[in-house]
Amino acid sequence: MYACQRDSYLKEFETKIVALSENEPYLKVELEDTILFPEGGGQNYDTGLLDHIEWSMFFEKDGKQSIMLRFHRKKMTLHLYLMTLFVSKWTGIEETKLGLKTKSWWMAENSIEEVVVEQEANQYIRDQLPVSITTHKLGDPELEKAYSRGLPEDLPKDALIRIVNILEDRNMCCGTHVQNLAHLQIIKTLQFQKSKKTTEFVLYFIVGKRVERYIDICFNRELQLTNLLKNRPLDHYSLIEKALTSYIKKLGSKICEYLDGKGGGSGNRFNAKINSLKEYKKAVALVEEHFK
């Protein structure tokens, strides 16, 4: 195992250079060990500095070099990866939780399921549940108790297999993880979409520092819209909808005429089929003039 897997919180580390090779304009440096996770199992790679220097330089083979990790990026990766693993498994346990199949995840109106996931996950965070890593060899009975999509076919016979343990939940994983769920700080689910034809779903969520950043972005956007629309935030949507409806009534038919089209509008939408772009510039000029 790499040092990044033995201790996910290391920020600096000293190791040996075991091989060097030149490949202009780059210099390939092979290290004996590293705290930079290389990427795998759905987890992003880490970035950092070698001897506090980012650019190519010459090193002496067998010399010791220090690695410094960009921990702010690492921290967000740890948060997202562990939460994805945890929530994905949690929502899929049919006997005890929601029994939902996961379709995809995105690392940016609440349904009942979404509220349940968010409340339960945040309760685990508040309970400060520990996260432990155990290693096992092939054939170990403990591997039968862990969830996995299957081991690689080319896995060496003497390989150590890592299991992430949270309460009674066990997942095989090669990634790096927090030591305690409290380090995740908070999870906020944003949207929950069910498939119309299957039991699959898409869950959008953010975690940790990304929640703070998302709130900042939303609040600043709200201030901008409030200053622009001169009304309270709760009325933003209705005001914009009214404005769009007004624009469509004034511009829709004229634009359609310029583009030799046929169509009509209803509310804040205008659908039309156009046949010519000959007067396209006139249509653009009309819109630009209206919004001056």
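Owing to the predicted nature of the structure, the values given are computational and were not obtained by experimental measurement.

1. A few points about the overall build of the chain
Move 1: Assigned secondary structure in the chain consists of 6 helices and 12 strands.
Move 2: Looking at the chain as a whole, 32% of its 292 residues qualify as buried.
Move 3: Of the roughly 19,400 Å² that the chain leaves accessible, carbon and sulfur atoms contribute 51%.

2. Quick notes on the UniProt feature "domain: Threonyl/alanyl tRNA synthetase SAD" (unreviewed entry) in the chain
Move 1: The UniProt record annotates "domain: Threonyl/alanyl tRNA synthetase SAD" (unreviewed entry) at residues 161-197.
Move 2: With 0% helix and 49% strand, residues 161-197 has its two end C-alpha atoms placed 37 Å apart.

3. Some points on the side chain of D33
Move 1: Assignment of secondary structure puts D33 in the loop between β2 (26-31) and β3 (48-50).
Move 2: Note on D33: relative accessible area 13%, which makes it buried.
Move 3: A polar side-chain atom of D33 sits 2.9 Å from the main-chain amide nitrogen of A3.

4. Considering the pattern of salt bridges
Note that side chains of opposite charge can pair when their charged atoms are close.
Move 1: Summed over all chains, the structure comprises 6 salt bridges.
Move 2: Residue E279 is joined to K282 by a salt bridge in which the shortest nitrogen-to-oxygen separation is 3.4 Å.

5. Brief notes about the sheet that holds strand β6 (residues 132-137)
Move 1: One open sheet holds the 3 strands; their spatial order is β6-β7-β8, and the pairing between them is antiparallel. Each edge of the open sheet carries a strand with a single partner, namely β6 and β8 (169-172). Within the sheet, the average angular offset between the axes of one strand and its neighbour, ignoring direction, is 30°.
Move 2: As paired strands, strand β7 (residues 160-166) and β8 are joined by 4 bridges and run antiparallel to one another. Counterpart to I163 in the pairing with β8 is M172.

6. Considering unusual backbone geometry
Apart from glycine, the bulk of residues carry a negative phi angle, and the bulk of peptide bonds sit in the trans form.
Move 1: If you check the backbone angles, Q128 has positive phi at about 55° while not being a glycine.
Move 2: Relative to the helices and strands, Q128 resides in the loop between α3 (112-126) and β6.
Move 3: Of note in this structure, Q185 is not a glycine but carries a positive phi near 75°.
Move 4: Following the sequence through the fold, Q185 ends up in the loop between β8 and β9 (187-194).

7. Notes on the packing of helix α5 (residues 236-258) against helix α6 (residues 280-290)
Move 1: Relative orientation of the contacting elements α5 and α6 amounts to 160°, with a least axis distance of 9 Å. Relative to α6, α5 is oriented roughly antiparallel. The chirality of how α5 crosses α6 is right-handed. On the side of α5, the interface is formed by Y247, K250, L251, K254, I255 and Y258, while α6 contributes K282, A283, L286, V287 and H290.
Move 2: Residues that form the contact of α5 with α6 fall into these classes: 7 nonpolar, 1 polar and 3 charged.

8. Quick word on the environment of L259
Move 1: Relative to the elements of secondary structure, L259 occurs in the loop between α5 and β11 (262-266).
Move 2: For L259, a relative accessible area of 10% translates into the label buried.
Move 3: Here the alpha-carbon distance between L259 and K273, two residues 14 residues apart in the chain, equals 9.0 Å.
Move 4: Ignoring anything within four residues of it in the chain, the contact list for L259 reads I274, N275, S276, L277, E279, Y280 and A283.

What counts, and where the lines are drawn
- Residues numbered from 1 in each chain as written.
- Predicted model: local features only at pLDDT ≥ 70, side-chain atom pairs only at ≥ 80, totals over all residues.
- Heavy atoms only, no water.
- Helix = DSSP H or I, 4+ residues; strand = E, 2+ residues; numbered from the N terminus.
- Buried < 20%, exposed > 50% of the residue type's maximum accessible area, 1.4 Å probe, protein only.
- Areas by Shrake-Rupley, 256 points an atom, 1.4 Å probe, with all protein chains shown as cover.
- UniProt positions renumbered as here; feature names shortened; annotations may be inferred.
- Polar contact = N/O pair within 3.5 Å; in protein donor to acceptor, adjacent residues only side chain to side chain.
- Salt bridge = Lys/Arg side-chain N within 4 Å of Asp/Glu carboxyl O.
- Pairing = 2+ DSSP bridges.
- Axes fitted to C-alpha atoms, helices over the stretch in contact; angles between N-to-C directions.
- Parallel < 35°, antiparallel > 145°, perpendicular 65-115°, else oblique.
- Left-handed = near helix turned anticlockwise from the far one by under 90°.
- Contact = heavy atoms within 4.5 Å.
- Nonpolar A, V, L, I, M, F, W, Y, C, P; charged D, E, K, R; others polar.

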